[in-house]
Every structure is written in C-alpha cells, then in structure tokens.
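A closer look at the structure
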Amino acid sequence: MKRIKFHDRKKEIKEIMNILDTEPSLITFIYGPINSGKTTMISHLIEQLPEDYAPFYINLRGRFITDYEDFLNVLFEIDEKGVVDNVTEYARSMLNDLGTVSGIPIPVNLFEQIFEKKDKSKDMFKYIEQFFTEISKNRVPVLIIDELQVIGDLKIDGLLIYKLFNFFIRLTKELHLCHIFAVSSDSLFIEQVYSEAMLQGRSRHLLVDDFNKVDTMDFLNKHNFSDKEKELTWNCCGGKPICLVELANAKMNGKDIESEAKMLVKIRTSQILSIFDEISLGKVEHSEKDIIEEFKNFEKEEIIQYARVNERKIFLVGRNVLFIDPVQRTIKPQSKLNLLAIREVINSE
Ligand SMILES: Nc1ncnc2c1ncn2[C@@H]1O[C@H](COP(=O)(O)OP(=O)(O)OP(=O)(O)O)[C@@H](O)[C@H]1O
Ligand SMILES: [Mg+2]
C-alpha cells in the first residue's frame, strides 16, 4: 500500500513546541475547518515529542458518551494487571512504560473505587492530579483531548464540561502541572467556548487551517503534479489536505486530475443543494431566499469579517458549509470546494 507522507506543518508545530517549552499556564484550544489536518498534526507531534514529555491522547470522536460511566471509560486506560492502592507508587511504576497511551492509566481497583463513589468527578480529578504530580517529577505531562465537543452538552449534576474546564484551569494556571490541548473541528463549539467567561485569560486559541498556496504547491510538487494540474488542484480544492491526498492518490493511480477535481466540486455542490431539498420538505426553518442571501456574501469574497452572527449563519456553520473563526471574527466556506459549490448554487439561481 502506498502511503502519503506527513506534509510540513512547521509553523504550527513550532508554535506548539514553544508552548511546550514554557511552564503550563493556559489551556490551548486547537481549532480549524473540518479536515484541515488537526488530528494528523497532533498525532505526528506526539510521535516526534522528546522523551521528557509524557503525552496522553484521548480522542472522543465516535465515542457515544451519555453518562459518567462512558466518560470514565474513554478518559482512562484500565490496567487489569495488578491491584495497586497507592496512586504515587503506581504512577512511578508506569513512568518508563508509558509509550503512547490512549487514556490515563489507572489500576482496575482504583477505577472501580471511583466508579462506586457518589461524586465521581471529585475522585476522578483527584486521581488525575495525583498521577500527573508524580509523572511531572520526571516528565512533563501533556493531556490532549480531541473532539472535546462530544461532551459539550453532557449534563450530570450540571454540565460536565464546566467541571472539566475548572479542572484544566487548576492543572495549568494554578498548579502548572500539565499542558492541556483541547482540539475541536466544531466551530460552533469553539465559538461558544471563546465567549465563555470562565476561560477568559485562561486559554489561548491556535488555528490549524488548510495549507496555504506555497505549502500546497510544495505538496503537489512532491507528487509530481504538472503546472496545469497544480493550478487546477489549487483552484478546485485549495489547500484542504484530505482533497490533496485524494488527488495525489488519483495521480499515482494514473487517473485524470481534472476530471477527479471537477467530480469533487460536483459532489460538494449536490450536497449543498440537498439543503434546499430539506427546505422544500419543510425540514429546515430557513427559507431558500435567506440561504441564498447568505451565500451571496461569498459571490466575490472568499472570507468575510462579521460584526454580528445571525441564525442563518449559525445554521450554515452547523451544517459544515461555513466555518466561523471567533478569534479573527471571520466567516468563510469550510473549504474551497464549498466556496465553488456556493458559487455554483448562486449562479444556477
Ligand atoms: N500534514 C499532513 N500531511 C499529509 N496528509 C495530511 C496532513 N494533514 C492531514 N492530512 C490528510 O487529511 C486527512 C484529514 O486530516 P485530519 O483528520 O487530521 O483533519 P482534522 O482537521 O482532524 O479533521 P476533523 O475536522 O474531522 O477533525 C488525513 O486523513 C490525512 O490523509
Ligand atoms: Mg480531527
């Protein structure tokens, strides 16, 4: 099987390494349009991290989390091997054996103890704090939670996410114990988090966007695209990594880049048109005219600055047609394909 190699993310990785180089003090939110390469970049970074860091990567994507039981099961990696009563001792014994863990290791008996408690969050946070305190004597713990929005609405004695944010603030700003990265592809979630009072002055935001033109050309050069194919690819897909990988694979398989790229635009256009089908069927509360009105913002522009969001914009962000960046206060289509599809829809009016 031919595999596409990881392509340069020097700027973003440097920024993260600078953060990792200093004492943990803020929660870092990593955000960006869908399929911009956030998870790939984080996975690459974890593989490259020097030995003095201990990364714990938890991906909530596709995890069906409806209660604490589910949450504890994804947060922790249960160690069935032995019974250990002392967290410090356990953390010490794990130090040389961490590798890349996909959860915070916990001996099965301590996990069960947390499970039995009434206030599970208190005990769960206490365990993690003790575990990281011990680990931090030798290595710097780095906790990364991907797709954090999955638990955005989870309510158990109040919203879990608030308890989690409070705990993250404790681990970073107060104890300087652990780096925290929260990744999300849900720009509405990031938009809500951004205006969250409890996180102000306690978090920073890092954008991982599609590749810019230089990096895109660099990628396509590596895959022997001709000048014509490069221009065509950029004009259809911009720097969206997933599309570039798809076209690079098509190229390797001797397919025609032009027809492949045009097919991607056609598919995206029909996906956007299906929103209008839903409107006709009364499944969407916005009118066709309102949606077209929003689309018209992108008739000439690729990105707009917003003063206030409205329901229609939020709807289109929720449908992953538009991407909202609350830090820059900009809105743009989620991808070049979306931009082209939006323009096709306006022109077919
Ligand atoms: N730096 C890169 N080099 C090569 N390929 C990449 C790179 N970044 C992303 N890709 C390709 O794009 C695909 C999508 O990337 P990824 O899943 O990391 O995006 P994401 O931003 O995490 O998406 P989501 O918004 O769904 O969370 C990957 O499966 C990979 O094939
Ligand atoms: Mg991802």
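Residues numbered from 1 in each chain as written. Chains lettered and ligands numbered in written order. Predicted model: local features only at pLDDT ≥ 70, side-chain atom pairs only at ≥ 80, totals over all residues.

Turning next to the environment of Leu148. Along the polypeptide, Leu148 turns up in the loop between strand E5 (140-146) and helix H7 (160-174). Apart from the residues within four sequence positions on either side, Leu148 is in contact with Leu60, Ala182, Val183 and Ser184. (Helix = DSSP H or I, 4+ residues; strand = E, 2+ residues; numbered from the N terminus. Contact = placed C-beta atoms within 7 Å.)

Attention shifts here to the sheet that holds strand E2 (residues 53-59). Ordered by their spatial adjacency, five strands build an open sheet running E2-E5-E6-E1-E7, and the pairing between neighbours is parallel. For this open sheet the edge positions go to E2 and strand E7 (203-207), each flanked by a neighbour on one side alone. Between one strand axis and the next, the sheet turns through 20 degrees on average, direction left out of account. By the bridge criterion, five bridges tie strand E1 (residues 27-31) to E7 in an arrangement that is parallel. Directly across from Tyr31, in E7, lies its bridge partner Leu207. (Pairing = 2+ DSSP bridges. Axes fitted to C-alpha atoms, helices over the stretch in contact; angles between N-to-C directions.)

Residues Ile144, Ile180, Ala182 and Val183 are the most contacted members of the largest nonpolar core, which totals 54 residues. Element by element, the count of residues in this core is highest for helix H6 (residues 120-135), at six residues. The next biggest cluster of nonpolar side chains, apart from the first, holds 29 residues, and it includes Phe211, Ala261, Ile291 and Ile324. (Core = buried A, V, L, I, M, F, W, Y, C linked by C-beta atoms within 7 Å. Buried ≥ 20, exposed ≤ 12 C-beta atoms within 10 Å, placed from the backbone.)

Further remarks concern the environment of Gln200. The topology assignment puts Gln200 in the loop between helix H8 (187-194) and E7. Classification of Gln200 by C-beta neighbours within 10 Å gives exposed; the count is 9.

Moving on to the sheet that holds strand E8 (residues 304-305). Read across the open sheet, the three strands follow the order E8-E10-E9; overall the sheet is antiparallel. The open sheet has two edge strands, E8 and strand E9 (322-325), and neither has a second partner. In this structure, E9 lies alongside strand E10 (residues 330-333), joined through four bridges in antiparallel fashion. When the bridges of E10 are listed, Phe323 appears paired with Lys332.

Moving on to the domain arrangement of the protein chain. The domain boundaries assigned to the protein chain delineate domain 1 (10-207) and domain 2 (213-347). Placing a centre on the C-alpha atoms of domain 1 and another on those of domain 2 gives a separation of 32 Å. Every contact between the two is made by twelve residues of domain 1 and, on the other side, 14 residues of domain 2. Of all the elements in the fold, those that place two or more residues in the side of domain 1 that touches domain 2 are H8 and E7. Ranked by the residues each element gives to the side of domain 1 that touches domain 2, the list is headed by H8, at five residues. For the side of domain 1 that touches domain 2, a count of residues per class yields six nonpolar, five polar and one charged. (Domains from an automatic or database assignment. Nonpolar A, V, L, I, M, F, W, Y, C, P; charged D, E, K, R; others polar.)

Take the packing of helix H13 (residues 288-295) against helix H14 (residues 311-318) next. For the pair H13 and H14, interaxial distance at closest approach is 10 Å and the crossing angle is 80 degrees. Here H13 lies roughly perpendicular to H14, going by the angle between them. Here H13 contributes Asp290, Ile291 and Glu294 to the contact with H14, which in turn contributes Arg312, Lys313 and Leu316. (Parallel < 35°, antiparallel > 145°, perpendicular 65-115°, else oblique.)

Attention shifts here to the site of ligand 1. Around ligand 1, the surrounding shell holds 17 residues, and the nearest of these are Gly37, Thr39, Thr40, Ser185 and Pro241. Breaking the shell around ligand 1 down by element, the ones donating at least two residues are helix H2 (38-48) and helix H11 (241-252). By residue number, the principal contributor to the shell around ligand 1 is H2, which donates four residues. When the residues that make up the shell around ligand 1 are grouped by side-chain class, the tally is seven nonpolar, eight polar and two charged. Each of domain 1 (10-207) and domain 2 (213-347) gives at least three residues to the shell around ligand 1. (Near = placed C-beta within 6 Å.)

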